[in-house]
Amino acid sequence: MRRKSRPEPPGSWGLPLIGSTNRAWSDFVGMVSEGMRLPANKHPDPSKFGRECPVFKASVLGKGVAILTTDRERKEVFSGSREKEFTKRGGYNEFLSRSFGQSSLTVDNAQYIKLVWDIFEPILSSGGVESHFSTMVRVVERNMSKWECENGGVLVYEKLKHLYSEMVSEVFLGKKPKGVDEKQFMKDCVSVFTGATSLPVSGGGFFSSSFDKGKEAGTRLIKVYKTQLLSHMAEIKRDSSTSSTSREKPLVWYVAQRVLEVTKNKDPMPDTKGPHKSTLDAAASHLMLFSTGLTTKLLASLSISFLRVLRFSRHMSWLNMIREEFATVEKDFKEGEIPSYSQVKQLDVLERLCLEIQRVFPPVAGQSRGTEHKKSHIAGYKIPKGWMIWSCSYYTNRDKSVFKKPEKFDPDRWAKTIEGEKKSGTKLPPQHLAFGFGKNKCPGMELALAMWKSFCYVAGRKYTWKLGDQEEESSLAYSTSPIDGEDGWRVKWIPVYRPSPDIKITIAKI
């Protein structure tokens, strides 16, 4: 008996040529909200998924796209047993690679990915990040002390972008690196990410000027990193005593050390048949990726969410609890002493708070893959070859089958996860998959979290703040552009979740 063919997901291709691209970039969450209400009567088993549509189709960037709205389907595609069926080569990664370049995040080449991880994992692990945490804290302290001097307040998103650009410069290159225009470097760190996420704005397949500027910025950054790597490699060869670890060494120095170790006998990179001709080229390219893709705007977004949540009087207890945790750590500190990253990482209340902020306020819209299989299917629907697959973090992070009372901001929901990790000694997959998991985990996860928590430490321990003109909001709403949220905020999703227009913050020391 011939099996009945699977139907395509419900949905619409939108406008001719540009499809739903403009809608996806201006109001992605609103677009998905409408898609979830599409009729699922053509589904083989509509009762299986309840009333909400688990996947619907649209046309974005000139391609068909299946948009996932439930946690089960997201995990199946991005971290489950079928992840090999859905590749990095498809999806939005194709467009990102044009700006960021080919990397371990956009290339499906196991040998190449392993080599890149061998270089960066020791440096970007918790232990590797440890030596840079004091630098991160000092950058935050320096920037927030300047904010304090502004009587009328400062635009929080713009100032946070500058703060994290400055942090990248000092952590990656060191203070006042020779031959580097620091202002241009910091500007380029922002421009690359902006270009990569703005290319479809002009519609119709035409790239925007931001994309061209971002690509030029990326080329400049790679050149800076390659020059710095060669300089540090020569230094290490000249003086073997400098190969010992030191808190004064910038991150690029450790990468130079790893490149020398990996290529001691022979450069293995050409044998991987990856996108780079040498290990040096791959290292410079990934340094550019880590200093642009995971920082500035993404961390500015998470930091705004931290400030936003803890300004509510009903959440002040959480602010008081993390202040008590910080005070406990600092109990025997000398004046001016800074806690280590390992000490901050062990703070349960802060960890719960940070996990819940990532769930409720995910900084990016979702994740992306592509399919190259003719018979791919998700939730019973056929997904044609060549389609993109997107998840929507706003809704997958509010899946009622995973999160009890998902609309409630409740850091305590993560207590069992944290307790289980401490007992087992292994990292458990976070339910919101903010940084991915397993072999698809973001290599820069610990570095990003350390940067963010350095801000949480300084802001939470030493300052009080007020955002905007309102002393108190009626509820913790999560609005989408161009809709006004219940708390008076207007926000945008692309390229990251942020207030639009920007909002002022006034701060004062405790």
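These figures come from a predicted structure and were not determined experimentally.

**Q** Just give me the short version of the overall build of the protein, but keep the residues and values in it.
**A** If you tally the helices and strands in the protein, you get 20 helices and 12 strands. Taken across its 510 residues, the protein has 58% of its residues classed as buried. In the protein, 74% of the contacts between residues at least 6 apart in sequence involve partners at least 24 apart.

**Q** Describe the sheet that holds strand β12 (residues 504-509), and please don't skip the residues or the numbers.
**A** One open sheet accounts for three strands, arranged β4-β12-β9; its pairing is antiparallel. At either margin of the open sheet sits one strand with a lone partner, and together these are β4 (154-155) and β9 (463-467). Sheet topology places β9 next to β12; five bridges connect them, and they run antiparallel. Paired with Y463 across the bridge in β12 is K509. Sitting on the sheet, helix α7 (residues 133-148) is in contact with β4, β9 and β12, with an inclination near 105° to β12.

**Q** Before we move on, could you go through the pattern of salt bridges and cite the residues and values that matter?
**A** In total, this model carries 21 salt bridges according to the counting rule given. Note that K161 and E158 form a salt bridge whose closest N and O atoms lie 3.0 Å from each other. Taken as a pair, K161 and E158 lie in helix α8 (residues 156-173) at a separation of three residues, close to a single helical turn. Taken together, the shared-partner salt bridges connect D71, R74 and K75 into one network.

**Q** So what's going on with the environment of R352? Which residues, and what values?
**A** Relative to the assigned elements, R352 resides in helix α17 (residues 348-360). Its relative accessible area of 18% is what places R352 among the buried residues. Once the C-alpha coordinates of R352 and D412 are considered, the two residues, 60 residues apart in sequence, prove to be 6.5 Å apart.

**Q** Outline the packing of aromatic side chains, supporting the account with residue identities and numerical values.
**A** For the structure shown, the criterion picks out 12 aromatic pairs. Pairing F28 with W390 gives two aromatic rings, centres 5.8 Å apart and planes at 65°, and the pair type is edge-to-face. Here the residue F28 occupies a position in helix α2 (residues 28-36), and W390 occupies one in strand β8 (residues 388-391), the gap between them amounting to 362 residues. In this structure F28 comes out as buried when scored by relative accessible area, which is 2%. Relative accessible area serves as the criterion here: at 8%, W390 is assigned to the buried category.

**Q** Can you break down the pairing of strand β2 (residues 63-68) residue by residue, with the values?
**A** Counting buried positions over the six residues of β2 gives five, a clear majority of the element. The sheet contact formed by strand β1 (residues 55-60) and β2 spans six bridges and is antiparallel. Among the inter-strand pairings, V55 is bridged to a residue of β2, identified as L68. Connecting the antiparallel pair β1 and β2 is a turn made up of two residues, with L61 showing a positive phi of about 60°. The pairing of β2 with β8 spans four bridges and is parallel. Looking at β8, one finds that A66 is bridged to I389.

**Q** Outline the side chain of K161, listing residues and values.
**A** You can call K161 buried: its relative accessible area is 12%. With near-sequence residues (within four places) excluded, K161 lies in contact with V190, T296, K297 and A300.

**Q** Summarise α8; cite the residues concerned and give the values.
**A** Taking 1.5 Å of rise per residue, 18 residues should cover 26 Å, and α8 covers 25 Å from first to last C-alpha, within 8% of that figure. Looking one or two places after α8, you find G174, whose phi comes out positive at around 95°.

Reading the values: the criteria
Residues numbered from 1 in each chain as written. Predicted model: local features only at pLDDT ≥ 70, side-chain atom pairs only at ≥ 80, totals over all residues. Heavy atoms only, no water. Helix = DSSP H or I, 4+ residues; strand = E, 2+ residues; numbered from the N terminus. Buried < 20%, exposed > 50% of the residue type's maximum accessible area, 1.4 Å probe, protein only. Contact = heavy atoms within 4.5 Å. Pairing = 2+ DSSP bridges. Axes fitted to C-alpha atoms, helices over the stretch in contact; angles between N-to-C directions. Salt bridge = Lys/Arg side-chain N within 4 Å of Asp/Glu carboxyl O. Phe/Tyr/Trp six-rings, centres within 6.5 Å; stacked < 30°, edge-to-face > 60°. Expected span 1.5 Å × (residues − 1).

By themselves, these observations are geometric and do not establish any function.
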